[in-house]
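Okay, here's what each chain looks like letter by letter:
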Amino acid sequence: MTALFVGFILIGFTLFASIPQGLGWYNEILLVLKGGIPIFTAFIGLISIFVGIADIRDRQDEKKEEEEMKKQG
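None of these values were measured; they are calculated from a predicted model.

The rules we used
- Residues numbered from 1 in each chain as written.
- Predicted model: local features only at pLDDT ≥ 70, side-chain atom pairs only at ≥ 80, totals over all residues.
- Heavy atoms only, no water.
- Helix = DSSP H or I, 4+ residues; strand = E, 2+ residues; numbered from the N terminus.
- Rg over C-alpha atoms; globule rule 2.2 N^0.38 Å.
- Buried < 20%, exposed > 50% of the residue type's maximum accessible area, 1.4 Å probe, protein only.
- Areas by Shrake-Rupley, 256 points an atom, 1.4 Å probe, with all protein chains shown as cover.
- Lys, Arg positive; Asp, Glu negative; His and termini not counted.
- Charge placed at Lys NZ, Arg CZ, Asp CG, Glu CD.
- Salt bridge = Lys/Arg side-chain N within 4 Å of Asp/Glu carboxyl O.
- Patch = residues over 30% accessible without salt bridge, like charges linked within 9 Å, V, L, I, M, F, W, Y side chains within 5 Å.
- Phe/Tyr/Trp six-rings, centres within 6.5 Å; stacked < 30°, edge-to-face > 60°.

## Side note on the overall build of the protein chain
Phase 1: Within the protein chain, the regular secondary structure consists of two helices and zero strands.
Phase 2: Computed over C-alpha atoms, the radius of gyration of the protein chain comes to 24 Å, more than 25% over the 11 Å expected from 2.2 N^0.38 for 73 residues, which places it beyond the range of a compact globule.
Phase 3: For the protein chain, the spread of C-alpha atoms along the three principal axes comes to 75 × 35 × 10 Å.
Phase 4: Looking at the protein chain as a whole, 1% of its 73 residues qualify as buried.
Phase 5: With an accessible surface of roughly 6900 Å², the protein chain has 70% of that area assigned to carbon and sulfur atoms.
Phase 6: Across the protein chain, the centroid of the 7 positively charged side chains sits 5 Å from that of the 9 negatively charged ones.

## Here we look at the pattern of salt bridges
Phase 1: Scanning the model with the defined rule gives one salt bridge in all.
Phase 2: In this structure, Asp55 and Arg59 form a salt bridge, with 3.3 Å as the shortest nitrogen-oxygen distance. Of the two residues, Asp55 and Arg59 are both situated in helix H2 (residues 26-72); the distance of four residues between them amounts to about one turn of the helix.
Phase 3: By relative accessible area, which is 34% here, Asp55 ends up partly exposed.
Phase 4: Here Arg59 falls in the exposed class, since its relative accessible area comes to 53%.

## Some points on a negative patch on the surface
Phase 1: On the surface, Asp58, Asp61, Glu62, Glu65, Glu66, Glu67 and Glu68 cluster together into a negatively charged patch.
Phase 2: Residue position: Glu66 is located in helix H2.

## A closer look at the packing of aromatic side chains
Phase 1: One pass over the structure, following the stated rule, counts one aromatic pair.
Phase 2: A ring pair is formed by Phe13 and Trp25, whose centres lie 5.9 Å apart and whose planes are at 80 degrees; its orientation type is edge-to-face. Note that Phe13 is positioned in helix H1 (residues 2-18) and Trp25 in the loop between H1 and H2, a separation of 12 residues in sequence.
Phase 3: A relative accessible area of 40% means that Trp25 is categorised as partly exposed.

Set out below in structure tokens:
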């Protein structure tokens, strides 16, 4: 329950800080987002590469196991 309450408070603060009538941090928030998006996409790209490599290895292992099963059976 406390986490839910804290979450609502933080969301409210974020909205208040973003609007011009509040703290007016809109430009700074936009600047952080612009700077963070390339870093985020690079991180997601690396994760995608690792997942793709793992998928290729899994497929190769499956083929090897199928070949061994054919030889045994």
